[in-house]
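Examining the three-dimensional arrangement
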Amino acid sequence: KQMLEINNIPYDKEPYDKIVPKILIKKRFQRLEEYKDRIYTKYNSILIDEVQDFEYYWLKMIEKLFLRKEGEFVLFGDEKQNIYHRELDTNQLPQTPILGRWKELNESYRLTQKNVELALQFQKEFFSDKYRDIGITYVQQNMMDILTGQKTMYCDISNSGSDMTLKKMIKVIEHFRINEQISPNDICILSSNHGTLRELEFIFRKEKKFNTTVVCETKEEYEKVCKLTKDLSKEEAKKEKKKLLDKYRRMKKHVFEMNAGVMKLCTVHSFKGWEINTIFLILDDKDNGDIENNDELIYTAITRAKKNLIIINNKNDRYKSFFERNLGISRIGG
């Protein structure tokens, strides 16, 4: 859209919620191609990260429309983080217009040794029949990391009653944060459950008086949407509620900042591409469902932590034994 506007190319401004984003992107590229003679912005180099999130067609069009004839096209990706399940090539690698063998980057300058080992074990257990096995070599960061210590822990709160679940999550997070003297700015709470994120954000903001940012609607915004749709038929209410909630989530994702001095709460999808000092990853029974999607999501979440990784299990069965075997069970907060 931005490239269309920069080059003064007309296009149909379809409401975002009225059209599938994938189709919208294709329509935009088709319009750019139609007016390709107007495109004056060409680049000597184009670098794309997270290329496994891109469709082959998008890459082809970016190269065709925006790269100079002798330009350099550099792509970075990890097929094991293919959370949108783009089609892979015959070697189970991202499909790209670049010919030849991929150069493998197998040294981690971000993950700690413990998190590298956990990521490797996760690959072996859940991806052995799906992707190539690429080892990761840990590259020690600096002396400060060694002196300050690092924690990778697993806590199971599955036996908590439904009325105590959120309190137990808060207790685990606060106990660890206070004991390790971690700034809220260095914390992100990840969950696939928007309801969990809403409730946790509300408690931290209202009861704990933390400044927070959440990449979905707040509890108050959710209640407002429910009020606006309560008089509609069941089917209409469901459709309108989804439309309004999607609008909130797109807006929150667009304005999300990493160093805003606040605690972050986010879905794994929205946090992809980011990294932070301390991750609290909450697993619940929803993560037992769509296994095809969840394995890549959990792996992606594990690799977002620069230092501390705390996994909190709330009635999840699929990953329970894996984390118990590799990390044991920690009694954080009693």
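The coordinates are above.
Here is what the cut-offs are and how they apply
- Residues numbered from 1 in each chain as written.
- Predicted model: local features only at pLDDT ≥ 70, side-chain atom pairs only at ≥ 80, totals over all residues.
- Heavy atoms only, no water.
- Helix = DSSP H or I, 4+ residues; strand = E, 2+ residues; numbered from the N terminus.
- Pairing = 2+ DSSP bridges.
- Axes fitted to C-alpha atoms, helices over the stretch in contact; angles between N-to-C directions.
- Core = buried A, V, L, I, M, F, W, Y, C linked by side-chain atoms within 4.5 Å.
- Buried < 20%, exposed > 50% of the residue type's maximum accessible area, 1.4 Å probe, protein only.
- Contact = heavy atoms within 4.5 Å.
- Phe/Tyr/Trp six-rings, centres within 6.5 Å; stacked < 30°, edge-to-face > 60°.
- Arc of directions from axis to C-beta.
- Polar contact = N/O pair within 3.5 Å; in protein donor to acceptor, adjacent residues only side chain to side chain.
- Parallel < 35°, antiparallel > 145°, perpendicular 65-115°, else oblique.
- Left-handed = near helix turned anticlockwise from the far one by under 90°.
- Nonpolar A, V, L, I, M, F, W, Y, C, P; charged D, E, K, R; others polar.

With respect to unusual backbone geometry
Positive phi, normally seen in glycine, also occurs at Q181, with a value near 55°. Along the chain, Q181 falls in the loop between α6 (165–179) and β6 (187–191). The phi torsion at K209 lies on the positive side, around 60°, for a residue other than glycine.

Section: the sheet that holds strand β9 (residues 276–284)
Spatially, six strands are ordered β5-β10-β9-β6-β8-β7 in an open sheet, and the strand pairing comes out parallel. Looking along the sheet, the strands with just one partner apiece sit at the ends: β5 (152–156) and β7 (212–214). Going from strand to strand, the sheet's axes swing by 15° on average, the running direction of each strand aside.

Some points on the nonpolar core
Judged by nonpolar contacts, the single largest core of 33 residues is most densely connected at F122, L190, F271, I279, I311 and F323. Elements with a minimum of two residues in this core: α4 (113–126), β6, α10 (268–271), β9, α11 (291–302), β10 (305–314) and α12 (320–327). When sequence neighbours within four positions are dropped, the list of residues in contact with L190 reads C266, T267, V268, F271, I279, F280, L281, I282 and A301. V172, F176, I312 and I332 belong to the second-largest nonpolar core, a separate cluster that totals 25 residues.

Quick look at the packing of aromatic side chains
According to the stated counting rule, one finds 16 aromatic pairs in the structure shown. An angle of 75° between the planes, with centres 5.6 Å apart, marks the rings of F127 and Y299 as edge-to-face. One end of the pair, F127, is in the loop between α4 and β4 (137–138); the other, Y299, is in helix α11, and 172 residues separate them in sequence. No difference in accessibility class separates F127 from Y299, as the two residues are buried. Taken together, the aromatic side chains of F122, F126, F127, Y154, Y299, Y319, F322 and F323 make up a single cluster linked through ring pairs.

Some points on the pairing of β9
In terms of burial, β9 is a largely internal element, eight of the nine residues being buried. Examined bridge by bridge, β6 and β9 share five bridges and lie parallel to one another. Counted as the bridge partner of S191 is I282 from β9.

Looking at α12
Helical geometry note: an α-helix holds 3.6 residues per turn, so side chains three or four residues apart project in the same direction. Looking at α12, one finds that the buried residues are F322, F323 and L327. Relative to the axis of α12, the buried residues are bounded by an arc of 90° and lie together on one face. Looking one or two places after α12, you find G328, whose phi comes out positive at around 75°.

Examining the side chain of T278
Along the chain, the position of T278 falls in strand β9. Polar side-chain contacts of T278 include one of 2.7 Å to the side chain of N277. In this structure, T278 is in contact with F176, I182, D186, I187, C188 and N308, ignoring residues within four places of it in sequence.

Details of the packing of α6 against helix α7 (residues 194–206)
Following both chains from N to C, one finds α6 and α7 inclined at 60°, their axes separated by 11 Å at the closest point. Here α6 is positioned oblique relative to α7, judged by the angle of their axes. At the point where α6 passes α7, the crossing takes the right-handed sense. Within the contact between the two elements, α6 uses L166, M169, I170, I173 and E174 and α7 uses T196, E199, L200, I203 and F204. Its residues assigned to classes, the contact of α6 with α7 comprises seven nonpolar, one polar and two charged.

All we've got here are geometric facts, nothing functional implied.
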